[in-house]
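Topology and contacts: notes
Residues per chain are reported as follows:
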Amino acid sequence: IFFILPTLLQAADMTRAEQLAGITRDVAARVPIRDVIARAINSGMDVDVAVAAIIRAGINPQQVVYTAITQGYSTQAVVTGAIRAGANVDAVVRAAVAARADTQAIAAGATEAGIAPETIASAITAATSPGAPVFGFTPVADVPPADVYIAPAEVGISGGGGATPSTKTASPSTPEE
């Protein structure tokens with residue numbers, strides 16, 4: 001409690017402008033996102049306000065959402081703050097799902113931010129559905145160019161096999177002259 005008390009007393013003395021300046025300073029100094037969030041909240045900001053301020057300071061919304069949720073902050077508050085900061089709803093929902101957040105909490109946060117239920121349902125469905133399979137794709141391995149096989153310019157096909165050719169005409173019509 002002796003370590004927390006000075007922080008709480010300091011938080012009471014900070015104005016909103018000082019809190020926002022602190023976030024801007026931390027973002028410019030490339031302080032890790034988890035530390036920026038913790039400092040903002042320790043300064044007295046609510047989670048949703050802190051998340052919105054960090055996004056407005058220039059940090060990628062998906063990174064902020066993912067980090068805040070994995071650090072244990074309220075999913076609902078994080079989603080609300082990110083959407084109110086102007087972040088794309090689909091991107092926020094994808095980041096929250098990637099952070100293994102509860103979809104009910106995601107929906108509650110988006111609803112609190114004023115998003116229509118249909119939009120929320122669509123975003124959650126898209127984020128939780130598996131992607132379409134890509135057939136015939138093989139990821140490229142890291143092969144040095146010297147080891148790559150280059151086919152010869154002319155390839156001769158010979159041999160045969162299979163059935164003998166049919167003696168019937170392929171098409172009963174003949175070209176007109």
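In what follows, the structure referred to is the one given above.
A brief look at the structure comes next.

Analysis parameters
Residues numbered from 1 in each chain as written. Predicted model: local features only at pLDDT ≥ 70, side-chain atom pairs only at ≥ 80, totals over all residues. Heavy atoms only, no water. Helix = DSSP H or I, 4+ residues; strand = E, 2+ residues; numbered from the N terminus. Buried < 20%, exposed > 50% of the residue type's maximum accessible area, 1.4 Å probe, protein only. Contact = heavy atoms within 4.5 Å. Polar contact = N/O pair within 3.5 Å; in protein donor to acceptor, adjacent residues only side chain to side chain. Expected span 1.5 Å × (residues − 1). Arc of directions from axis to C-beta. Core = buried A, V, L, I, M, F, W, Y, C linked by side-chain atoms within 4.5 Å.

Turning our eyes to something else, we now look at the overall build of the protein chain. A tally of helices and strands in the protein chain yields 9 helices and 0 strands. Beginning at the N terminus, the succession of helices and strands in the protein chain can be written as α-α-α-α-α-α-α-α-α. Of all 177 residues assigned to the protein chain, the portion counted as buried reaches 30%. Restricting to contacts in the protein chain with at least 6 residues of sequence separation, those with at least 24 account for 71%.

Among the 10 residues in helix α6 (residues 75-84), 8 count as buried, and that is most of the element. Those residues of α6 that fall on the buried side of the exposure criterion are Thr75, Ala77, Val78, Val79, Thr80, Gly81, Ala82 and Ile83. Lining the buried residues of α6 we find α4 (47-56), α5 (61-70), α7 (89-98) and α8 (103-112). Just beyond α6, the residue with positive phi is Gly86, at close to 100 degrees.

Turning to its location among the elements, Ser43 is positioned in the loop between α3 (33-42) and α4. Looking at Ser43, the relative accessible area reads 7%, which means it is buried. Here Ala40 takes part through its backbone oxygen, which lies 2.6 Å from a polar atom of the side chain of Ser43.

In this section: helix α9 (residues 117-128). With 12 residues, α9 should cover 16 Å at 1.5 Å per step; its first-to-last C-alpha distance of 16 Å lies within 8% of that length. All of the buried residues in α9 are Ile120, Ala123, Ile124 and Ala127. Buried residues of α9, viewed axially, fall in a sector of 95 degrees; they line one side. Exposed and facing more than 90 degrees away from the buried side of α9 are Glu118 and Ala126. Those residues of α9 that are buried are in contact with α7 and α8.

Next up on the list: the nonpolar core. Judged by nonpolar contacts, the single largest core of 41 residues is most densely connected at Ile23, Val51 and Val65. Breaking this core down by element, the ones donating at least two residues are α2 (16-28), α3, α4, α5, α6, α7, α8 and α9. With 7 residues, α4 is the single largest residue contributor to this core. Residues contacting Val51, with those up to four places away along its chain left out, are Val64, Ala68, Val78, Gly81 and Ala82.

What follows covers the side chain of Thr80. By the secondary structure assignment, Thr80 is in helix α6. A polar atom in the side chain of Thr80 sits 2.8 Å from the backbone oxygen of Gln76.

Keep in mind that these numbers describe shape and distance, not what the molecule does.
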